[in-house]
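Given next are the chains, with one letter for each unit.
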Amino acid sequence: MSEKNVGDALRKSLFYAPKNGFDTWSADDEASCGLYCEDYKKFLDEGKTEREAADFAVELAKAAGFRPYIRGMELKTGDRIFRENRGKSLMLAVIGEMPLKRGVNIAAAHIDAPRLDLKQNPLYEDSEQAFFKTHYYGGIRKYQWMAIPLELRGHVSLRDGGFVRVSIGGDKNDPQFTITDLLPHLAATQNKKTLAEAVPGENLNILVGSRPFQDDTGSDRVKLTVMQMLNEKYGITEEDFISAELCAVPAFMARDIGIDRSMIGGYGQDDRVCAYAALAAILATGTPRKTAVCMLADKEEIGSEGVTGMRSAAFDTFLSDICHSELTPLRICYENSHCISADVTAAYDPKFPDVYEKRNSSKLNYGISLCKFTGSRGKSGASDASAELVARMRFLFDQEGVLWQMAELGKVDQGGGGTVAMFMAQRNIDTIDAGVPVLSMHAPFEVVSKLECYMTFKGMNAFYEMI
Ligand code: MN
Ligand code: MN
């Protein structure tokens, strides 16, 4: 062997050289990926809020043979159950062959996404235009929400215990909404402000009407028209906004992106792209060896707080109810369990090389991204998965033909992000982050690669079968 060939052989055996998935995946994978992504886009369009996503997931679960789990119900191997938490979060399980004291495999994703929530007293009129005041939910770059089409979706709880579901803008015959922006001709002063300051949160007011109520000389005639129409359609009065959860979400439908259709653009893919993978995989699971659990959580974007967030005891209650059927203490189940915190990471964007560290960023089409740690500024807020667990995942994914890569969200000191991983780890569950890399994360229109959507589904499948 010449010296050059020796070097090449050594390089091949010693260097880590991840590959683009398009150069390595099978024709079977490519065909399955196409079908999977069509279903995924439907999930995105149907579930633009956590309530809608939970409802749609319940429909799919019922169709796949899952039934509501009531405390005390007898459970046997192969049983497929779910429990909805207050209509905003969903837990599913398939009872495995092995006893619960051997632990369970949990995939935990979130179904809430950044959006503009209406305030509790939202409707006002100014200069004969009517507006909804908003308080944004989750981390948004405010300027991205100006001058785009918006829909109104949500839920109004009424004093008599009833409720109405609101959805305006999704149907092609519906009107839509928008937040008007300043014309460039008059933007000289605003242009001097920083991106963070240019759009104050209190200016994110949604235009909802301009027609004055006729044959009337009183005040707020445009507001009156809007309220009259809402009353006709939904039977609500202004006071009902107080007990409502209404939000404005981007009116974009999920679409293929690129001449080659290799990507999907859509709203709320953080984290519905992983939520759908975790859900679709558990629905497709037969009888796993360990019990498989899928958690679709709410409130991740605001710190996993609240009764429907990952910090809530609702998850512990669900699992302890299941454990009770085998008289297994929950803590013993937990200490032998594993969790994939299935959440998105930032894909390397060559337009912004300054904020990414190329050697450790996840690359589009290189596969599901494992994050050993998330957090920021010295890994603060990370659960930091153990080397042992990372090694297990490498082995599992390689064995099951799941294309994977390692990922770190951005440069050290540049920022960072968190997921539900730390709240699972606090329960004494071995946890690692894994999910789909996203371009334009948290923007009204986010982009993911189809290959990675599918590989994440495949990864979840493999994980539910792990022993
Ligand atoms: Mn997320
Ligand atoms: Mn997020």
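Scroll up to find the structure.
Presented here is a report on the structure given in the accompanying data block. (Residues numbered from 1 in each chain as written. Chains lettered and ligands numbered in written order. Predicted model: local features only at pLDDT ≥ 70, side-chain atom pairs only at ≥ 80, totals over all residues. Heavy atoms only, no water.)

Two elements in contact, helix α3 (residues 50-63) and helix α7 (residues 269-284), have axes separated by 11 Å at closest approach and are oriented at 15°. By the criterion of interaxial angle, the relationship of α3 to α7 is roughly parallel. Of the two elements, α3 crosses α7, and the hand of that crossing is right-handed. Across the interface between the two elements, E50, A53, A57, L60 and A61 of α3 pack against R272, Y276, L279 and L283 of α7. (Axes fitted to C-alpha atoms, helices over the stretch in contact; angles between N-to-C directions. Helix = DSSP H or I, 4+ residues; strand = E, 2+ residues; numbered from the N terminus. Parallel < 35°, antiparallel > 145°, perpendicular 65-115°, else oblique. Left-handed = near helix turned anticlockwise from the far one by under 90°. Contact = heavy atoms within 4.5 Å.)

The subject of this paragraph is the side chain of K450. For K450, the location among the structural elements is in helix α12 (residues 450-464). Within the structure, the side chain of K450 is placed 3.1 Å from the side chain of D256, a separation counted as a polar contact. (Polar contact = N/O pair within 3.5 Å; in protein donor to acceptor, adjacent residues only side chain to side chain.)

Inspection of every chain in the model, using the stated rule, returns 15 aromatic pairs. On the basis of an interplanar angle of 90° and a centroid distance of 6.4 Å, the ring pair of W145 and Y267 is categorised as edge-to-face. One end of the pair, W145, is in the loop between β6 (129-137) and β7 (150-157); the other, Y267, is in the loop between β12 (263-266) and α7, with 122 residues separating them in the sequence. Look at W145 and you get buried, because its relative accessible area is 0%. Judged by relative accessible area, Y267 falls into the buried class, the value being 4%. Through a chain of ring-to-ring contacts, three or more aromatic side chains come together here, namely Y36, Y40, F43, F56, Y276, Y454 and F457. Directly above the ring of Y137 sits R115, whose terminal nitrogen or CZ lies 3.9 Å from the centroid. Across from the ring centre of F373, 4.0 Å away, lies the NZ or CZ of K379, which sits over that ring. (Phe/Tyr/Trp six-rings, centres within 6.5 Å; stacked < 30°, edge-to-face > 60°. Buried < 20%, exposed > 50% of the residue type's maximum accessible area, 1.4 Å probe, protein only. Lys NZ or Arg CZ within 6 Å of the ring centre and 35° of its normal.)

For the manganese ion (ligand 2), the protein coordination sphere consists of D270 (OD), E301 (OE), E301 (OE) and H442 (NE2), at 2.1 to 2.6 Å. Counting residues between consecutive donors of the manganese ion (ligand 2) along the chain gives the motif D-x30-E-x140-H. A distance of 3.4 Å spans the gap from the manganese ion (ligand 2) to the manganese ion (ligand 1), which D270 bridges by coordinating each metal. With D270 in helix α7 and E301 in the loop between β13 (291-297) and α8 (314-324), this residue pair connects regions lying 31 residues apart in the sequence. What makes D270 buried here is its relative accessible area of 3%. (Donors = N, O, S within 2.8 Å, 3.2 Å for Na, K, Ca; no water.)

On to the coordination of the manganese ion (ligand 1). Only H110 (NE2), D270 (OD), D343 (OD) and D343 (OD) from the protein reach the manganese ion (ligand 1) as donors, at distances of 2.1 to 2.5 Å. Going along the chain, you hit the donors of the manganese ion (ligand 1) in the pattern H-x159-D-x72-D.

Taken as a whole, the largest pocket spans an internal volume of roughly 1400 Å³. What lines the largest pocket is a set of 48 residues, among which A346, Y356, L409, G416 and M441 lie closest to the centre. When residues of the lining of the largest pocket are traced back to their parent elements, those giving at least two are α5 (195-198), β15 (345-346), β17 (375-376), β19 (416-417) and β21 (437-439). Class assignment of the residues belonging to the lining of the largest pocket gives a composition of 18 nonpolar, 17 polar and 13 charged. (1 Å grid on protein atoms, 1.4 Å probe; cavity = no way out; pocket = protein on both sides within 12 Å on 5 of 7 lines; lining within 4 Å. Points joined across faces, edges and corners; volume = space filled by probe spheres on them. Nonpolar A, V, L, I, M, F, W, Y, C, P; charged D, E, K, R; others polar.)

Let us look at the environment of E50. Here E50 lies in helix α3. Along the sequence, E50 and G154 sit 104 residues apart, while their C-alpha atoms lie 9.5 Å from each other. Not counting residues up to four positions away in its chain, the partners in contact with E50 are G87, K88, I111, D112, R115, R272 and D298. One polar contact links E50 to R115, side chain to side chain, over a distance of 2.8 Å.

With that settled, consider the sheet that holds strand β22 (residues 446-449). On the basis of which strands lie adjacent, the open sheet formed by five strands has the order β11-β12-β22-β21-β15 and mixed pairing. Strand pairing shows two members of the sheet lacking a second neighbour, β11 (255-257) and β15, which therefore form its edges. As paired elements, β21 and β22 share two bridges and run antiparallel to each other. Its bridge partner lying in β22, V438 is registered against V448. (Pairing = 2+ DSSP bridges.)

Most of β13 is tucked away, with seven of its seven residues classed as buried. Side-chain alternation along β13 places T291, V293, M295 and A297 on one buried face and A292, C294 and L296 on a second face that is also buried. Here five bridges tie strand β3 (residues 89-94) to β13, and the two strands are oriented antiparallel to one another. Opposite V94, over in β13, you have A292 as the bridge partner.

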